Amino acid sequence: MLSRPWRYTLLIMMVVISAASVYVSFKRHAEATRILSEDIKTSSWAAAQLEIDYLHFQHNLAMYSEKLVSKEDMLLTFDLLWSRVNILSIGKETLQFRQLEGSQKLLTDLKGLLQDAEPALVSNEQVSPERARQIRDGFARLFPSIRLLHVQSYNGSERMAGIDKAHILELDTQYFMLGLLGSGAFLVFMIFRESSKNRHLAMHDALTRLPNRVYFKRSLEAAAQDADKSGLSVAVHIVDLNNFKEINDVYGHAVGDAFLIKVAERLQGLAQGKNRAARLGGDEFALIQGGIEGRNEAEQRAWQICEVITEPLMIQDIVFYPRASVGVSLYPDDGNITQTQLNADVAMYQAKSEQGMSYRFFDAQMNEDLKRRKQLADALEKAINNNQLNLLYQPIFNMTSGKMVGVEALVRWHSEEFGTISPEEIVTTSEQAGLANIFNHWVLTTACKQAVAWHTMEYFVAVSVNISPSMYTDHDLVSMVEEVLESTQLQSQYLMLEVTEDTTMQDIESSPHILRGLSSLGVSLALDDFGTGYSSLSHLKSLPVQRLKIDKSFIQDLFDSPSDLRFITTILQLAESLGLNVVAEGIELDKQRIALISQGCVLGQGYLFSRPVSADAITQLLIPQSSCVDKLQGVVSNM
């Protein structure tokens, strides 16, 4: 029994803890209210933008039929309305809009009208006044629905329910504060009472209720001890879901969590007798199969795992077709029990490299592959530290004047031990081995030093450097760039950093902040591989970039897919409206260059002009331009 002073001390401590909990709870409720408010604004903004784009198109179509605006102006508003409808149909940011009553039917009807009108509007022939009037009348019938949806986005039942929820949250906060203060006296008792529950939670995954990694390890050791006594074997199955990240990205974490719960339930159904299922973390699961004779039984269980996981499952009226990669290892055949688990993990990664649903048993060659990856990572670290990597530079040209306006730095590496390593494998190895920071620092420093060398020769050319995804998300990129600029003494306006669309979408909230930090240093920013990612117009508008680089896949198919040319035209018009310049990548044919120039694309890059070459070769290309330094500086200052 505690003495009175100790009881008073404990009571005071509990009250202090309760008061702190009140403050934290209040802040959380305030944040929930803020998020709810932002959701309302998002849906209202989306409805307003849809009505604006709709009215612009109707207006321009009417003006076009009277020959008061050009067909290009009319088609621009048509394409923008198409784009708006597509974004509202699938964009993550517009989920709240799609939850408004009648929104799905409206979007479906709009798509139908757009599809019906497209052949007439995009043809090379003039649209007759009668056809234009029919198109306008068709769209006009939807205007009441669009206006009603706009009004509902501000004061409809869904929005009013959201406002009521915000008020309830505020009221709940007050009740919660009183409840917490009153519960202080019972906290000590609850701690003792909940101790057994806490021990259970410490051994189980909070989401799926499966045993966690700690429990799995204990179960694995117990299974190994049983196998040693009985002379039987233990199979370890490591299960990793394929493309699970896309489910989270497209449908949200709530759907992703429900997906994981369903998969866990299916695996738990196989965990009978001496079988144990566990969630190791993220989308990775495991199953222990104890007391088996050998490989045949393990293979049957691996096939069962594949069968139960691949059965379709429905979440929120969405049908998913799960796929997984399974790695299998046997104890004691493949080593001690710890090594067996590691071997199963290696086998899983091997299975993951194959398409579709597959399982693989561990074999010694897999360890050789793993050993190679480790050796390659060690060799890469040595190559970086000893300056054994090589940078080539691919020029970027003004296609109308033929002048070089910049270069893109591209890394190359020929290892004495492994031969020529592809740039993709260099980047992948650096990220997997935790070398992304020093690798990107080397590339950036080397490129900046070379730019300074050219400037010393009075060739004022800007250099572009690609930033790998992990550098963008896991490291202090702004500080590194600032340090490199200071150490190399390169003027910041001569450096352009390139990031891909998908990289900026990894953290939508942080992306604008990171890019604004880089912009504050004075460097230019480019969105690489534009058109292949998932960024929306609203996301693009929030990014402080100066350039879009059209992915080479659109250029290569330019004459095989006419829609690609229209897509490029839309990008150019969008870029112009946002004050961005555009570079077309992968130009290999002169007819591609001519077509791009005709659409207003001035800057180009590709084998038609030059392959990636050494710094000395770039110097030789710059010599004929030495008489045009002032002109070149003016162009480069916009890089």
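Look above for the structure.
Overview of the structure. Worth saying up front: this structure is predicted, and the values here are computed from it rather than measured.

1. So, the overall build of the protein
Right, so step 1: On a plain count of helices and strands, the protein comes out with 27 helices and 16 strands.
Right, so step 2: The buried share of the protein, reckoned over its 639 residues, is 45%.
Right, so step 3: For the protein, the share of sequence-separated contacts (at least 6 apart) that also reach a separation of at least 24 residues comes to 70%.
Right, so step 4: When the accessible surface of the protein is totalled, it reaches about 32,900 Å², and 54% of it is carbon and sulfur.

2. Things to note about the sheet that holds strand β3 (residues 284-292)
Right, so step 1: With respect to topology, five strands assemble into an open sheet ordered β2-β3-β1-β6-β7, the strand pairing being mixed. Edge positions in the open sheet fall to β2 (275-281) and β7 (358-361), since each of these has one partner strand only. Strand-to-strand, the axes of this sheet are offset by a mean angle of 20°, without reference to chain direction.
Right, so step 2: As judged from the seven bridges shared by strand β1 (residues 233-241) and β3, these two strands associate in the antiparallel manner. Bridging from a neighbouring strand, Ile238 pairs with Ala286 of β3.
Right, so step 3: This element, helix α12 (residues 253-268), spans β1, β2 and β3 of the sheet and lies at about 0° to β3.
Right, so step 4: Packing against the sheet, helix α13 (residues 295-310) makes contact with β1, β2, β3, β6 (324-331) and β7, and its axis sits at approximately 160° to β7.

3. Notes on empty space enclosed by the protein
Right, so step 1: The final tally for this structure, using the stated rule, is one cavity of 30 Å³ or more.
Right, so step 2: In this model, the largest cavity occupies a volume close to 30 Å³.
Right, so step 3: Put simply, the parts of the chain that give the lining of the largest cavity at least two residues each are α10 (213-230) and β2.
Right, so step 4: Tallied by class, the residues present in the lining of the largest cavity amount to six nonpolar, one polar and one charged.

4. Quick look at the side chain of His237
Right, so step 1: Mapped onto the elements of the fold, His237 is located in strand β1.
Right, so step 2: Side-chain polar atoms of His237 contact the side chain of Gln289, separated by 2.9 Å.
Right, so step 3: Setting aside anything within four residues of it in sequence, one finds His237 in contact with Phe285, Ala286, Leu287, Gln289, Ala298, Arg301, Ala302, Ile305, Val326, Gly327 and Val328.

5. A look at the nonpolar core
Right, so step 1: Ranked by size, the top nonpolar core spans 76 residues in total, and within it Leu495 and Leu497 carry the most contacts.
Right, so step 2: When residues in this core are grouped by element, the largest group, eight residues, is from helix α17 (residues 436-456).
Right, so step 3: Not counting chain neighbours up to four residues away, the residues in contact with Leu495 comprise Leu444, Cys448, Val463, Val465, Val481, Leu485, Leu490, Val523 and Ser524.
Right, so step 4: Of all hydrophobic cores here, the second largest spans 32 residues; its members include Leu210, Ala235, Ile247 and Leu313.

6. Remarks on helix α19 (residues 477-488)
Along an α-helix, a turn takes 3.6 residues, which lines up residues three or four apart on a common side.
Right, so step 1: For α19, spanning 12 residues, the distance from its first C-alpha to its last is 17 Å, which sits close to the expected 16 Å at 1.5 Å a residue.
Right, so step 2: The set of residues buried in α19 consists of Leu477, Met480, Val481, Val484, Leu485 and Thr488. One side of α19 carries all its buried residues, which in axial view fall inside an arc of 130°.
Right, so step 3: Gln489 lies just past α19 and shows a positive phi near 65°.

7. Some points on the layout of surface pockets
Right, so step 1: The space that makes up the second largest pocket amounts to roughly 510 Å³.
Right, so step 2: Lining the second largest pocket are 22 residues; nearest its centre among them are Tyr349, Asp369, Leu370, Arg373 and Gln432.
Right, so step 3: Residue contributions to the lining of the second largest pocket peak at nine residues, all from helix α15 (residues 364-385).
Right, so step 4: For the lining of the second largest pocket, the per-class residue count stands at eight nonpolar, eight polar and six charged.

8. A closer look at the environment of Arg131
Right, so step 1: Looking at the element boundaries, Arg131 is found in helix α5 (residues 129-140).
Right, so step 2: Classification of Arg131 as partly exposed rests on a relative accessible area of 28%.
Right, so step 3: With 11 residues separating them along the chain, Arg131 and Ala120 place their C-alpha atoms 8.2 Å apart.
Right, so step 4: Look past the residues within four positions of Arg131 in its chain and what remains in contact with it is Asp116, Ala117 and Ala120.

9. Observations concerning the pairing of strand β9 (residues 404-415)
Right, so step 1: Most of β9 is tucked away: 10 of the 12 residues are buried.
Right, so step 2: In this sheet, β9 lies alongside strand β8 (residues 390-398) in antiparallel orientation, the contact comprising eight bridges. By the bridge assignment, Leu392 is partnered in β9 with Leu410.
Right, so step 3: Counting the residues between successive antiparallel strands, the hairpin from β8 to β9 contains five residues, one of them, Gly402, with a positive phi of roughly 80°.
Right, so step 4: Of the pairings in the sheet, the one linking β9 to strand β11 (residues 463-466) comprises three bridges and is parallel in character. Bridging from a neighbouring strand, Glu408 pairs with Ser464 of β11.
Right, so step 5: Examined bridge by bridge, β9 and strand β10 (residues 419-421) share three bridges and lie antiparallel to one another. Bridge pairing in β10 places His414 opposite Thr420.

Conventions we followed
Residues numbered from 1 in each chain as written. Predicted model: local features only at pLDDT ≥ 70, side-chain atom pairs only at ≥ 80, totals over all residues. Heavy atoms only, no water. Helix = DSSP H or I, 4+ residues; strand = E, 2+ residues; numbered from the N terminus. Buried < 20%, exposed > 50% of the residue type's maximum accessible area, 1.4 Å probe, protein only. Contact = heavy atoms within 4.5 Å. Areas by Shrake-Rupley, 256 points an atom, 1.4 Å probe, with all protein chains shown as cover. Pairing = 2+ DSSP bridges. Axes fitted to C-alpha atoms, helices over the stretch in contact; angles between N-to-C directions. 1 Å grid on protein atoms, 1.4 Å probe; cavity = no way out; pocket = protein on both sides within 12 Å on 5 of 7 lines; lining within 4 Å. Points joined across faces, edges and corners; volume = space filled by probe spheres on them. Nonpolar A, V, L, I, M, F, W, Y, C, P; charged D, E, K, R; others polar. Polar contact = N/O pair within 3.5 Å; in protein donor to acceptor, adjacent residues only side chain to side chain. Core = buried A, V, L, I, M, F, W, Y, C linked by side-chain atoms within 4.5 Å. Expected span 1.5 Å × (residues − 1). Arc of directions from axis to C-beta.

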